[in-house]
Amino acid sequence: MPLSVQTRREKQKAELRSELVDAAHKLVQEEGYEGLTIRKLAKRVGYAPMSVYSYFADKQDILFALAEDAFKTLAKRIEDHPADDPIEALQVVMTEYAAFGLGNPNEYRTIFMTEKVKPPEGRTFAEMQEGNPLMKVLIKRVEACVAAGRLKGDPRAIATMLWAVGHGTISLLITFPYYPFGDQQAFVKRMCDFTLAALATQDVPPLTETPVNC
């Protein structure tokens, strides 16, 4: 059945937006967040700058698009590496997260170390958090550890603490490259093992009194 005019337009718009996001990834990888401008992005894909505004209101909108695309990519990479042991499956999350950060330091800084001052129009931070595929896969693997009796407590709290340690570790490694951390991957594994061992001795309470859905 042939596509309707409206469907074709929507498909074309989605493809053009995807092209812009791919170009933004490359621009950030090469020049960092400071190099990401509407004008440079438009020039890279051969569009007029005003055309880019049809898809993104401003630089913040592009930042959110980059983040959401990276979250999906990372979640897929993690899900492509299952493990029978729940702790090993959880370690995969940290390993892939570290590989992304260390392999793409400019993009990591842009996505995870740039302040998000306002959500995209028509959305809320809470909605974006609930729909984050990367956090979902992390919590799911924590839940498996809790179900197996390997960890104890609130899955979201445990996941958030693991994320905090992982983010801190990667941020230090890419921000202070000359500090004697030793082998980067070995240091990441050491921090991951240390954190999981510490968490295994505790019954981790929720972070807030109000339940949070994911």
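Residues numbered from 1 in each chain as written. Predicted model: local features only at pLDDT ≥ 70, side-chain atom pairs only at ≥ 80, totals over all residues. Heavy atoms only, no water.

- As named in an unreviewed UniProt entry, the protein chain is Transcriptional regulator, TetR family, taken from Mesorhizobium muleiense.

Let's talk about the packing of aromatic side chains
Okay, so step 1: Evaluation of the coordinates by the stated rule reveals 8 aromatic pairs.
Okay, so step 2: Aromatic pair F64 and F125: ring centres 6.0 Å apart, planes at 50°, arrangement tilted. Here F64, found in helix α4 (residues 59-79), pairs with F125, found in helix α7 (residues 125-130); they are 61 residues apart in sequence, far enough to count as distant.
Okay, so step 3: You can call F64 buried: its relative accessible area is 6%.
Okay, so step 4: Residue F125 is classed as partly exposed on the basis of its relative accessible area of 39%.
Okay, so step 5: Seen in terms of ring centroids, F100 and F112 are 6.4 Å apart; in terms of plane orientation they differ by 75°. Their pairing is edge-to-face. Of the two residues, F100 is situated in helix α5 (residues 86-103) and F112 in helix α6 (residues 105-112); the sequence distance between them amounts to 12 residues. Summarising the burial analysis for this pair, F100 and F112 share the class buried.
Okay, so step 6: Pairwise contacts between aromatic rings join F71, Y97, F100, Y108 and F112 into one cluster.
Okay, so step 7: K59 extends its terminal NZ or CZ atom over the ring of Y33, reaching a point 4.0 Å from the ring centre. (Phe/Tyr/Trp six-rings, centres within 6.5 Å; stacked < 30°, edge-to-face > 60°. Helix = DSSP H or I, 4+ residues; strand = E, 2+ residues; numbered from the N terminus. Buried < 20%, exposed > 50% of the residue type's maximum accessible area, 1.4 Å probe, protein only. Lys NZ or Arg CZ within 6 Å of the ring centre and 35° of its normal.)

Quick look at the domain arrangement of the protein chain
Okay, so step 1: Taken as a whole, the protein chain is organised into domain 1 (1-56) and domain 2 (64-213).
Okay, so step 2: Placing a centre on the C-alpha atoms of domain 1 and another on those of domain 2 gives a separation of 28 Å.
Okay, so step 3: Listed per partner, the contact involves 12 residues of domain 1 and 9 residues of domain 2.
Okay, so step 4: Both faces considered, domain 1 and domain 2 share a buried interface measuring about 830 Å² in area, 64% of it formed by carbon and sulfur atoms.
Okay, so step 5: Put simply, domain 1 and domain 2 have 0 salt bridges between them.
Okay, so step 6: On the surface where domain 1 and domain 2 come into contact, there are 5 residue pairs in polar contact (both at pLDDT 80 or more).
Okay, so step 7: For the side of domain 1 that touches domain 2, the residue count by class is 6 nonpolar, 3 polar and 3 charged. (Domains from an automatic or database assignment. Contact = heavy atoms within 4.5 Å. Buried area = accessible area lost by both parts, 1.4 Å probe. Salt bridge = Lys/Arg side-chain N within 4 Å of Asp/Glu carboxyl O. Polar contact = N/O pair within 3.5 Å; in protein donor to acceptor, adjacent residues only side chain to side chain. Nonpolar A, V, L, I, M, F, W, Y, C, P; charged D, E, K, R; others polar.)

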